[in-house]
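Fold and contact review
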Amino acid sequence: MRLETPGAHSPKSMKIGILALQGAFAEHSRVIERLGAEAVAVRLPGQLHGLDGLIIPGGESTTMSRLMAEYQLLQPLKYLAGGGLPICGTCAGMILMAGSVPDFALQTLGLMDITVRRNAFGSQVDSFEADLEMPALGQPPFHAVFIRAPIIEAANSTVEVLAWLPDGAAVAARQGNLLAVAFHPELTSDLRLHRYFLDIVASR
Ligand code: GLN
């Protein structure tokens, strides 16, 4: 019998940074720890050293963009993503990863070749929940919580759209080691989206 020892591919040896400037960072940390990896709060560039992956949480993209500029995190994050660091952005995090966000006057990281529209559901449905068919996560559908959510309006051919709402709006996408979802996977007890991200980290 061969015993599995925790190696480079085990969550136990993974250090996942959670951008902790604003928003739902504590909830993401809890999920990452439940999956057996180490969660590290990131507020300053020095805290990016030695990470195996990074999560940019939901919150308010304008505030986060301002704070990322103020704390000089934009350039180091672009550099690390260029070197292949797996990054997962949820909701406001997805906005910050997008290459193009019309009507957003502040800086994004511009990591993914997607065009994202903020607050895409307007005021009549600020928040809602939906069971998403997401083949990358298998069955059953993923129960997704949308809070003043963005959508992906356009994506180039190197981007794989992972889920759509019934009206055709794209709400999850992957491009290489980069993963972006319009909803809040940290607010439900379903760990599959975070596990999918840790699999990207493990296969790097
Ligand atoms: N509407 C917010 C923004 O534009 C995102 C909301 C969220 O992250 N839940 O940043």
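Residues numbered from 1 in each chain as written. Predicted model: local features only at pLDDT ≥ 70, side-chain atom pairs only at ≥ 80, totals over all residues. Heavy atoms only, no water.

This next bit is on the site of the ligand. By nearness alone, every residue bordering the ligand is listed as G58, G59, E60, S61, C91, A92, I95, R118, N119, I147, R148 and H184. Within the backbone of I147, one N or O atom sits 3.0 Å away from a nitrogen atom of the ligand. Relative to its free-state accessible area of 300 Å², the ligand is covered by the protein chains to the extent of 97%. Of the residues that constitute the shell around the ligand, the class distribution is four nonpolar, five polar and three charged. (Near = heavy atom within 4 Å. Polar contact = N/O pair within 3.5 Å; in protein donor to acceptor, adjacent residues only side chain to side chain. Areas by Shrake-Rupley, 256 points an atom, 1.4 Å probe, with all protein chains shown as cover. Nonpolar A, V, L, I, M, F, W, Y, C, P; charged D, E, K, R; others polar.)

Overall, the coordinates contain four salt bridges when judged by the stated rule. Ionic pairing is found between E153 and R117, a salt bridge with its closest N-O pair at 2.5 Å. One end of the pair, E153, is in strand β9 (residues 151-155); the other, R117, is in strand β6 (residues 112-117), with 36 residues separating them in the sequence. Salt-bridge contacts for R192 lead to D190; the nearest nitrogen and oxygen are separated by 2.7 Å. (Salt bridge = Lys/Arg side-chain N within 4 Å of Asp/Glu carboxyl O. Helix = DSSP H or I, 4+ residues; strand = E, 2+ residues; numbered from the N terminus.)

With that out of the way, let us pick up the environment of T90. Looking at where T90 falls in the secondary structure, it is placed in strand β4 (residues 87-90). Distance from T90 to A180, taken between C-alpha atoms, is 5.8 Å for residues 90 residues apart in sequence. Apart from residues lying up to four places away in sequence, T90 is in contact with H28, I56, P57, G58, V181, F183, P185 and E186. (Contact = heavy atoms within 4.5 Å.)

Caution is warranted with low-pLDDT regions, since their predicted coordinates should not be read in detail. In the predicted model, the protein carries a mean pLDDT of 95, and 95% of its residues have values of at least 70. Looking across the protein, the model is least confident in strand β7 (residues 127-132), with a mean pLDDT of 96, and most confident in strand β12 (residues 178-181), with 99. A low-confidence stretch, residues 1-6 (pLDDT under 50), is modelled with one contact involving residues beyond four sequence positions or located in other chains. (pLDDT = per-residue confidence, 0-100.)

Turning our attention to the environment of P57. Within the fold, P57 resides in the loop between β3 (53-56) and α2 (61-70). Once the C-alpha coordinates of P57 and I18 are considered, the two residues, 39 residues apart in sequence, prove to be 7.4 Å apart.

So, about the packing of aromatic side chains. Under the definition given, this model contains five aromatic pairs. Arranged with centres 5.7 Å apart and planes meeting at 40°, the rings of F142 and F183 form a pair that is tilted. With a gap of 41 residues between them, F142 in strand β8 (residues 142-147) and F183 in the loop between β12 and α5 (192-202) connect regions that are remote in the sequence. Exposure class is identical for F142 and F183. Each is buried. With centroids separated by 5.6 Å and ring planes inclined at 65°, the aromatic side chains of F146 and F183 adopt a geometry described as edge-to-face. Placement of F146 in strand β8 and of F183 in the loop between β12 and α5 is noted, with a sequence separation of 37 residues between them. Taken individually, F146 and F183 each receive the classification buried, so the pair is uniform in this respect. Here a set of aromatic residues connected by ring pairs shows up, and it is made of F121, F128, F142, F146 and F183. (Phe/Tyr/Trp six-rings, centres within 6.5 Å; stacked < 30°, edge-to-face > 60°. Buried < 20%, exposed > 50% of the residue type's maximum accessible area, 1.4 Å probe, protein only.)

Here we take up the nonpolar core. If you look at the biggest cluster of nonpolar residues, it comprises 75 residues, and the most contacted ones within it are I16, L54, I56, M68, I87, F146 and F183. Ranked by residue count, the leading element in this core is α5, at seven residues. Apart from residues no more than four positions distant in its own chain, I87 is found in contact with L54, I56, L77, A81, M97, L111, N177, L178, L179 and F197. (Core = buried A, V, L, I, M, F, W, Y, C linked by side-chain atoms within 4.5 Å.)

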